[in-house]
Amino acid sequence: MSSSNVSLALKEKKSAEAALKTSFFGNWKPDIDSAAHHFEKAAQLFKVSKSYKESRECYLEAAKYFEQARVLFSAAKCYQALAMVCKEQNEFNKTLEYIRLAGDLYTQNGTTPSAVICYTKGAEHIAAALPGDAAELYLMSAELERDCEHPRDAIKHLLSAKRIFGKNAMYKECIRAVLIARDLYGELDNFPQIQKCNLTLVILHLALGDTVAAKNSIQGDVSGIADELVEAVESGDEESLEKLSKHNDVIYLDAEIARIAKYLTVDGASMPLSKTSQKTTISTQEAFKSSSNSGKSSNKSMRDELFSRSNKENRDELFGRSPKPVPSHSEPVSIVKNDEPVAPTTDSSNPFGGDGDDDELDLC
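Residues numbered from 1 in each chain as written. Predicted model: local features only at pLDDT ≥ 70, side-chain atom pairs only at ≥ 80, totals over all residues. Heavy atoms only, no water.

Engineer: Looking at this structure, how should I read the overall build of the protein chain?
Structural biologist: Helix and strand counts for the protein chain come out as 17 helices and 4 strands. Per-residue burial for the protein chain yields a buried fraction of 35% across its 364 residues. Sequence separation of 24 or more characterises 51% of the internal contacts of the protein chain that already satisfy a separation of 6 or more. (Helix = DSSP H or I, 4+ residues; strand = E, 2+ residues; numbered from the N terminus. Buried < 20%, exposed > 50% of the residue type's maximum accessible area, 1.4 Å probe, protein only. Contact = heavy atoms within 4.5 Å.)

Engineer: Hey, could you run me through a negative patch on the surface in this one?
Structural biologist: A contiguous patch of negative charge on the surface is contributed by Glu238, Glu239, Glu242 and Asp267. Along the chain, Glu238 falls in helix H13 (residues 238–244). The class for Glu238 is partly exposed, based on a relative accessible area of 38%. (Patch = residues over 30% accessible without salt bridge, like charges linked within 9 Å, V, L, I, M, F, W, Y side chains within 5 Å. Areas by Shrake-Rupley, 256 points an atom, 1.4 Å probe, with all protein chains shown as cover. Salt bridge = Lys/Arg side-chain N within 4 Å of Asp/Glu carboxyl O. Lys, Arg positive; Asp, Glu negative; His and termini not counted. Charge placed at Lys NZ, Arg CZ, Asp CG, Glu CD.)

Engineer: Help me understand the packing of helix H1 (residues 3–20) against helix H2 (residues 32–48), please; the structure alone is not making it clear to me.
Structural biologist: The angle between the axes and the distance between the axes are what describe a pair of packed helices. Where H1 contacts H2, the two axes come as close as 8 Å, and the packing angle between them is 160°. In terms of their interaxial angle, H1 and H2 are classed as roughly antiparallel. As for the relative orientation of H1 and H2, their crossing is left-handed in sense. When H1 is examined against H2, the residues Asn5, Val6, Leu8, Ala9, Leu10, Glu12, Lys13, Ser15, Ala16, Glu17, Ala19 and Leu20 are found in contact with a partner set consisting of Ser34, Ala35, His38, Phe39, Lys41, Ala42, Leu45, Phe46 and Val48. The residue makeup of the contact of H1 with H2, split by class, is 13 nonpolar, 4 polar and 4 charged. (Axes fitted to C-alpha atoms, helices over the stretch in contact; angles between N-to-C directions. Parallel < 35°, antiparallel > 145°, perpendicular 65-115°, else oblique. Left-handed = near helix turned anticlockwise from the far one by under 90°. Nonpolar A, V, L, I, M, F, W, Y, C, P; charged D, E, K, R; others polar.)

Engineer: Looking at this structure, I do not really get the side chain of His205. What am I missing?
Structural biologist: Of note, His205 is situated in helix H10 (residues 191–207). Residue His205 is classed as buried on the basis of its relative accessible area, which comes to 13%.

Engineer: Looking at this model, I keep getting lost on unusual backbone geometry. Mind explaining?
Structural biologist: Most of the time, phi is negative for any residue but glycine, and the peptide bond is trans. Positive phi, normally seen in glycine, also occurs at Arg70, with a value near 60°. Positionally, Arg70 belongs in the loop between helix H3 (52–68) and helix H4 (72–88). Residue class for Arg70 comes out exposed when judged on its relative accessible area of 59%. Here Asn90, not a glycine, exhibits a phi torsion of approximately 60°, which is positive. For Asn90, the position within the fold is in the loop between H4 and helix H5 (92–109).

Engineer: I'm lost on the pattern of salt bridges in this one. Help?
Structural biologist: Proximity of charged atoms lets side chains of opposite charge pair with each other. One pass over the structure, following the stated rule, counts 9 salt bridges. Here Glu88 makes a salt bridge to Lys87, at a shortest N to O gap of 3.8 Å. With a closest N to O distance of 3.9 Å, Asp133 and Arg100 form a salt bridge. Taken together, the residues Asp133 in helix H7 (residues 131–147) and Arg100 in helix H5 connect sequence positions 33 residues apart.

Engineer: It is not clear to me how H1 should be interpreted in this structure. Could you clarify?
Structural biologist: Since the α-helix advances by 3.6 residues per turn, residues separated by three or four positions end up pointing in the same direction. The end-to-end C-alpha separation of H1 is 26 Å, in line with the 26 Å expected for 18 residues at 1.5 Å each. Burial in H1 covers these residues: Asn5, Val6, Ala9, Ala16 and Ala19. Projected onto a plane normal to the axis of H1, the buried residues spread over an arc of 140° and lie on a single side. Facing away from the buried side of H1, by more than 90 degrees, are the exposed residues Ser3, Lys11 and Lys14. In this structure, the buried residues of H1 make contact with H2. (Expected span 1.5 Å × (residues − 1). Arc of directions from axis to C-beta.)

Engineer: Can you walk me through the confidence of the model for the protein chain in this structure?
Structural biologist: Interpreting fine coordinate detail is not advised for predicted regions of low pLDDT. For the protein chain, the mean per-residue pLDDT works out to 81, and 73% of the residues sit at or above 70. Overall, residues 273–296 carries pLDDT values under 50, and its contacts beyond four positions in sequence, including any with other chains, amount to 27 contacts. Of the regions scoring below 50 in pLDDT, residues 356–364 engages in 8 contacts with residues more than four places distant in sequence or in other chains. (pLDDT = per-residue confidence, 0-100.)

Right under this line is the structure:
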């Protein structure tokens, strides 16, 4: 945390609070606009110094007073910046909430391009944690672009939403995105893409196990593979389904749709579960974990324990090999001399017996 930035942020915050105060000889009413600007500046300085809690408080105050002053664009910027602060703290639900608030204010202000950028960037940030909500943000961006008569830009956002829905087996939502995209392709008279959309809809409806909806979803030209897929499902022909899923018309669809077709069955799509990553041995993996997962002191002790052992022990643990038992020197060792056993001695200085001279032993 930078002390200079924090001190400047505190000064800006005090200035904002002073602008809100009223007195008989001073301000007759609070200076909301000035206070909002000071709060925004303080929030930026707190964010730079990674003091996220104070930054969030100041951004909320700034957005509140900007809304009271009806400066909607600045209020939207504060909410968008607040969402990024929440993302730094891994609070993705709050990030989604403030992204939606910012987008609504941008739209009310009439700055649609800023709303589209806000939605798309927000979707990128939360896609890993909240895939369904991220796809909905892409759909909102597509709707705004469509209202502005930008069909090609709208299609780009629809394809992003379709990929997320397909990857997470959200078939009904994916069908909704494909239907909107097909209508936009119709406005552009892009018949090859309309044909692909029809085949995609057939595959998605079959993944839900609805052959009737698969037949009714076709509008205009469609590949002959679509009818063959429906017939194979209705007849229960698993072999034909497997062959059709490898057809070029299916392979050249989006990767997520082609993957769904690969796992089609007569009862729907049986998507395999992702394999959970197995935890390996402590000595080779956990000893070198980042300090974000565990404290530096625990990491140091684990590394010390690792390096105090021999390399052979580490390799045995890594490859899951059980170490061979090593005989203890305290146990008696039987040595044969000229085919006759020699009694062991208890002298620790010379475990082989004798007076320590260079006796030649014929070991068998």
